[in-house]
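Below are the chains, spelled out letter by letter.
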Amino acid sequence: MASPENPAGVAKVAMDSESPPCSLKDWTSASIEVNDLLGSQVEVDRCKEEWEKWKEQLEKAEKAKAELLLSKLSCDAKKETAQDMLIKLRETEEEQRKETFMIMKDHEKNLEVVEQQNIELKREIQKLKDNLAAVNLKLAEMNSKCSQVIQIKKEVSKKKMKFTKMENAVNNDTVLNTHCLCCVAAKIPFKLKQGEALLTFEDEDVAQKLIEKGTHTVNLDNGKTEVKAKPITLETGVKFELHVIISGKKINVSEVPDLLIPDEWMRDKLELNFYKSKGGGGEVENVEYDRISRTAVITFLRPGVADNILRHTKHPFQLDGRRRSVSVSVSPVIEKHLEKFQAYFGISTRTILLSGIQEVVEDEESTQDIIEIHFQKQSNGGGEIENITYVSNQTKQVCFEEDVGKVA
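Owing to the predicted nature of the structure, the values given are computational and were not obtained by experimental measurement. (Residues numbered from 1 in each chain as written. Predicted model: local features only at pLDDT ≥ 70, side-chain atom pairs only at ≥ 80, totals over all residues. Heavy atoms only, no water.)

Engineer: When you look at a positive patch on the surface in this model, what are you seeing that I'm missing?
Structural biologist: A cluster of basic side chains, namely K191, K193, K228 and K230, defines a positive patch on the protein surface. Counting through the fold element by element, K191 comes out in strand β2 (residues 188-192). (Patch = residues over 30% accessible without salt bridge, like charges linked within 9 Å, V, L, I, M, F, W, Y side chains within 5 Å. Areas by Shrake-Rupley, 256 points an atom, 1.4 Å probe, with all protein chains shown as cover. Salt bridge = Lys/Arg side-chain N within 4 Å of Asp/Glu carboxyl O. Lys, Arg positive; Asp, Glu negative; His and termini not counted. Charge placed at Lys NZ, Arg CZ, Asp CG, Glu CD. Helix = DSSP H or I, 4+ residues; strand = E, 2+ residues; numbered from the N terminus.)

Engineer: Help me out: how do you make sense of unusual backbone geometry in this one?
Structural biologist: One can expect most non-glycine residues to show negative phi and most peptide bonds to be in trans. Here the phi dihedral of E255 falls at roughly 60°; this positive angle occurs in a residue that is not glycine. Residue position: E255 is located in the loop between β6 (237-254) and α4 (263-275). Residue classification places E255 among the partly exposed positions, given a relative accessible area of 43%. One non-glycine residue with positive phi stands out, namely R294, at about 55°. Here R294 lies in the loop between β7 (284-290) and β8 (295-300). (Buried < 20%, exposed > 50% of the residue type's maximum accessible area, 1.4 Å probe, protein only.)

Engineer: When you look at the sheet that holds strand β5 (residues 223-233) in this model, what are you seeing that I'm missing?
Structural biologist: Strands pair in a sheet through their backbones, by hydrogen bonds, and they do so in one of two ways: parallel or antiparallel. On the basis of which strands lie adjacent, the open sheet formed by 5 strands has the order β4-β5-β11-β3-β12 and antiparallel pairing. Whereas interior strands pair on both sides, the edge strands pair on one side only; in this sheet they are β4 (215-220) and β12 (385-391). Strand-to-strand twist of the sheet, defined as the mean angle between neighbouring strand axes without regard to direction, takes the value 30°. On the sheet, helix α3 (residues 204-213) packs against β3 (196-201), β4, β5 and β11 (347-355) and is oriented at approximately 40° with respect to β11. (Pairing = 2+ DSSP bridges. Axes fitted to C-alpha atoms, helices over the stretch in contact; angles between N-to-C directions. Contact = heavy atoms within 4.5 Å.)

Engineer: Got a minute to help me understand the confidence of the model for the protein in this structure?
Structural biologist: Segments scoring low in pLDDT should not have their predicted coordinates read at a detailed level. With 77% of its residues at a pLDDT of at least 70, the protein reaches an overall mean of 78. Considering only residues more than four positions removed or in separate chains, one finds that residues 147-154, a stretch of pLDDT under 50, has 5 contacts. Across residues 404-408 the pLDDT falls below 50, and counting only partners more than four positions away or on other chains, this stretch makes 25 contacts in the model. (pLDDT = per-residue confidence, 0-100.)

Engineer: Please clarify how the pattern of salt bridges should be interpreted in this entry.
Structural biologist: Pairing between side chains of opposite charge can happen when the charged atoms of each approach one another. Following the criterion strictly, the structure yields 11 salt bridges and no others. Across the pair R97 and E94 runs a salt bridge, and its minimum N-O distance is 2.5 Å. Here the residue R97 and the residue E94 both occupy positions in helix α1 (residues 24-150), the gap between them amounting to 3 residues, near one helical turn.

Engineer: Help me out: how do you make sense of a negative patch on the surface in this one?
Structural biologist: Among the surface-exposed residues, E202, D203, E204, D205 and E384 lie close enough to one another that they form a single negatively charged patch. Here D203 lies in the loop between β3 and α3.

Engineer: What should I look at first to understand the side chain of H243 in this one?
Structural biologist: Tracing the backbone through its elements, the reader meets H243 in strand β6. Polar side-chain contacts of H243 include one of 3.2 Å to the side chain of E339. With residues up to four places along the chain from it excluded, the contact list for H243 reads C180, L181, E335, K336, H337 and E339. (Polar contact = N/O pair within 3.5 Å; in protein donor to acceptor, adjacent residues only side chain to side chain.)

Engineer: Mind showing me how you'd approach the nonpolar core here?
Structural biologist: Most often, soluble globular proteins keep nonpolar side chains buried together rather than apart. I251, V253, M266, L270, F274, I298 and F300 are the most contacted members of the largest nonpolar core, which totals 20 residues. Listing elements by their share of this core, those giving two or more residues are β6, α4, β7, β8, α5 (305-309) and β10 (325-344). Counting residues in hydrophobic clusters, the runner-up holds 19 residues, among them V227, I357, I385 and I388. (Core = buried A, V, L, I, M, F, W, Y, C linked by side-chain atoms within 4.5 Å.)

Engineer: What should I look at first to understand α4 in this one?
Structural biologist: One turn of an α-helix holds 3.6 residues; hence residues three or four places apart share an orientation. When the terminal C-alpha atoms of α4 are compared, their 18 Å separation across 13 residues agrees well with the 18 Å that a helix rising 1.5 Å per residue should span. Among the residues of α4, those classed as buried are M266, L270, N273 and F274. Buried positions in α4, seen along its axis, are confined to an arc of 85° and lie on one side of it. Opposite the buried face of α4, at more than 90 degrees from it, the exposed residues are E264, W265 and L272. (Expected span 1.5 Å × (residues − 1). Arc of directions from axis to C-beta.)

Put into structure tokens, the structure is as follows:
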């Protein structure tokens, strides 16, 4: 075995001068022992190299083990963090699920409320539709009743007008055209039956007090008669503004001859006929022609030409040069429209209706005078009478003005 002093394990042979010399057998044995020792030394060196290799691999393994331990610790920390995050995510998911569930519940409740409201709204809409249909029906009936009221059966009387000043025109159209504004307020009709009278007082309070009292005793020629005072409920009244614009550049042409030529040629012929200054014409800006109605609208370039043409209701129309001609009718271009149309109901606050007046021998005028005297006396609760209308044995229609205060 190798010792510290002889790590190679080689046996030392002591050579002492005083020792007796060895025999040949002894040297042979020594030589064999040396060879054995040399073989052992080679084995030892080989083992030492192998040991160094294993030692290096062991160090690498220890280092790898240490790295694996560190990696394991890191993975364990990440695993713990991931588990914590997973727990939090599950908690968050549970909270969101609960919140979603509550929201769905609220939505379901709101949906039920909305559905109920929709049902109620549908009922309300149907009710409004029914009411609207009833109102439309009533309006149709009212329109049919008041159609006679709003009809203008007579022409407006001619009046002479004097223009005193010229207002600042906004544009040329204001100067060229003639603008007319008519304010129309239709009177409200009321049918007075037999044995009835209408009294309109100057003071509204007098009329209201007589209505509140109700029954009044009037001394007629045939004795005392009890009459009843009632308020007047009027039908529909209307008022509106009628705007009329008479063009200063355009004229209507009617009774245009139906010639077998294209419409474009007819427009040229119309322009040529109304271009001639001899007949009062002038330069034409535009021609609108309708073959079906045999009419045309001529627009002149300059103002005043239309007025010259319209001094006569007929205008010559040359068919083929100067050989043949016919007359066409000319008229102004008038635009009409209504504005501020209003329909209203009313109660005459100064007028009362007396009913139950008995027919007497005296004439109608005398009876009316007696009624007027009775209701003028303050002792009878009366006052100054502005108008009175009495009907004895027939019916009569009276009309109220717009302020529903006067009897016409």
